[in-house]
Amino acid sequence: MKIRLIIFGVLIAGFVVFNLFLQTGNEKTDTAVNIIYASILFGYISFMAFSLIKKMKK
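Residues numbered from 1 in each chain as written. Predicted model: local features only at pLDDT ≥ 70, side-chain atom pairs only at ≥ 80, totals over all residues. Heavy atoms only, no water.

This brings us to helix α2 (residues 27-57). End to end, α2 covers 45 Å across 31 residues, agreeing with the expected 45 Å (1.5 Å per residue, within 8%). For α2, the secondary structure elements touched by its buried residues are α1 (2-21). (Helix = DSSP H or I, 4+ residues; strand = E, 2+ residues; numbered from the N terminus. Expected span 1.5 Å × (residues − 1). Contact = heavy atoms within 4.5 Å.)

Here you go:
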């Protein structure tokens, strides 16, 4: 589980770095990247929750 939390931390850090330093200047492109990145983050959160529930059943 520790590896998954480290990966989640790296994803969050990447999201913050993009929003602070790596924006392209085009508002539509930045919004699209933010939406896609947030979708990946929420998908990863749901994957971690599903695997935790599956582990708790045992």
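And the narrative resumes.
A cluster of nonpolar residues, I12, V16, V17, L20, F21 and L22, forms a patch on the protein surface that exposes about 580 Å² of accessible area. Locating V16 in the fold gives a position in helix α1. Judged by its relative accessible area of 40%, V16 is partly exposed. (Patch = residues over 30% accessible without salt bridge, like charges linked within 9 Å, V, L, I, M, F, W, Y side chains within 5 Å. Areas by Shrake-Rupley, 256 points an atom, 1.4 Å probe, with all protein chains shown as cover. Salt bridge = Lys/Arg side-chain N within 4 Å of Asp/Glu carboxyl O. Buried < 20%, exposed > 50% of the residue type's maximum accessible area, 1.4 Å probe, protein only.)

Next up on the list: the packing of α1 against α2. In the contact formed by α1 and α2, the axes pass within 11 Å of each other and the chain directions differ by 165 degrees. Judged by the inter-axis angle, α1 sits roughly antiparallel to α2. The crossing of α1 and α2 is left-handed. Residue-level contacts link R4, L5, I7, F8, L11, I12, G14, F15, F18 and N19 of α1 to D30, V33, N34, Y37, A38, L41, Y44, I45, F47, M48 and S51 of α2. For the contact of α1 with α2, the residue count by class is 15 nonpolar, four polar and two charged. (Axes fitted to C-alpha atoms, helices over the stretch in contact; angles between N-to-C directions. Parallel < 35°, antiparallel > 145°, perpendicular 65-115°, else oblique. Left-handed = near helix turned anticlockwise from the far one by under 90°. Nonpolar A, V, L, I, M, F, W, Y, C, P; charged D, E, K, R; others polar.)

For I45, the location among the structural elements is in helix α2. With 37 residues separating them in the primary sequence, I45 and F8 have C-alpha atoms 8.0 Å apart.

Residue position: E27 is located in helix α2. Considering only alpha carbons, one finds E27 and F47, 20 residues apart in sequence, at a separation of 30 Å.

Spatial relationships are all this shows, so hold off on functional conclusions.
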